[in-house]
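# Summary of the model geometry
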Amino acid sequence: MRIRNHRDFWSGVLFIATGVIFMVLSRQYNLGTAAKMGPGYFPTILGGLMAALGVLIMLPAFSSRGPQVRVDKMDIKSIVLILVAVAVYAATLPKLGFIVALFLLIMISSLASHEFKLTTSLISSVVLLVFSWLVFVKGLELQFPFLPTFLTR
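Summarised in this report is the structure supplied together with it. Just so you know, these numbers come straight off a predicted model, no measurement behind them.

## With respect to the nonpolar core
Counting 6 residues, the largest nonpolar core is built from Leu93, Phe98, Ala101, Leu102, Ile106 and Leu129. A per-element tally of this core places helix H3 (residues 76-110) first, with 5 residues. Not counting the four nearest positions on each side in its chain, Leu93 is found in contact with Phe98, Ala101, Phe144 and Pro145.

## Some points on the side chain of Ser110
Topologically, Ser110 is positioned in helix H3. Once you skip the residues sitting within four places of it in the chain, Ser110 turns out to touch Phe116 and Ser121.

## Describing the packing of helix H1 (residues 6-25) against helix H2 (residues 41-58)
When two helices pack together, their arrangement is captured by the angle between the axes and the distance separating the axes. Close contact between H1 and H2 brings their axes to 7 Å; oriented N to C, the two are set at 165°. Taken together, the axes of H1 and H2 lie roughly antiparallel to each other. Regarding H1 and H2, the two cross each other, and that crossing is left-handed. Residue-level contacts link Asp8, Phe9, Ser11, Gly12, Val13, Phe15, Ile16, Thr18, Gly19, Phe22 and Met23 of H1 to Pro43, Thr44, Gly47, Gly48, Met50, Ala51, Leu53, Gly54, Val55, Ile57 and Met58 of H2. Class assignment of the residues belonging to the contact of H1 with H2 gives a composition of 13 nonpolar, 8 polar and 1 charged.

Here is what the cut-offs are and how they apply
Residues numbered from 1 in each chain as written. Predicted model: local features only at pLDDT ≥ 70, side-chain atom pairs only at ≥ 80, totals over all residues. Heavy atoms only, no water. Core = buried A, V, L, I, M, F, W, Y, C linked by side-chain atoms within 4.5 Å. Buried < 20%, exposed > 50% of the residue type's maximum accessible area, 1.4 Å probe, protein only. Helix = DSSP H or I, 4+ residues; strand = E, 2+ residues; numbered from the N terminus. Contact = heavy atoms within 4.5 Å. Axes fitted to C-alpha atoms, helices over the stretch in contact; angles between N-to-C directions. Parallel < 35°, antiparallel > 145°, perpendicular 65-115°, else oblique. Left-handed = near helix turned anticlockwise from the far one by under 90°. Nonpolar A, V, L, I, M, F, W, Y, C, P; charged D, E, K, R; others polar.

Encoded structure:
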């Protein structure tokens, strides 16, 4: 068997691995039954469905009639910038608040794009800040600092 579509193959592998990890980690919880579900029931079923979906995604990669697709090289700079953006958000949220942390997240992660433009990123930041404020602060009433701590005292 020869892999013709590497993108589908590796996507399937990722789904299968994630599903198996969920199933293995959920073994520490009581599974229960379908009528009386325990805390491990949902992650186990979800992991199994995810692994099965991975198999369905991976199988066409071996088809001789399918297109020949290679996986492009990974852009390490973009991956690192996205991870740094998430880490900065997590580190700054408690002290600098939601507005500053989200602004930093959007600006740093937008640097990962090959089509970065400052004006587009600033507009996106404002739109996403307003939308996030409406959803998380007003709609869901989540309790996290909205403004930096030095402004709220």
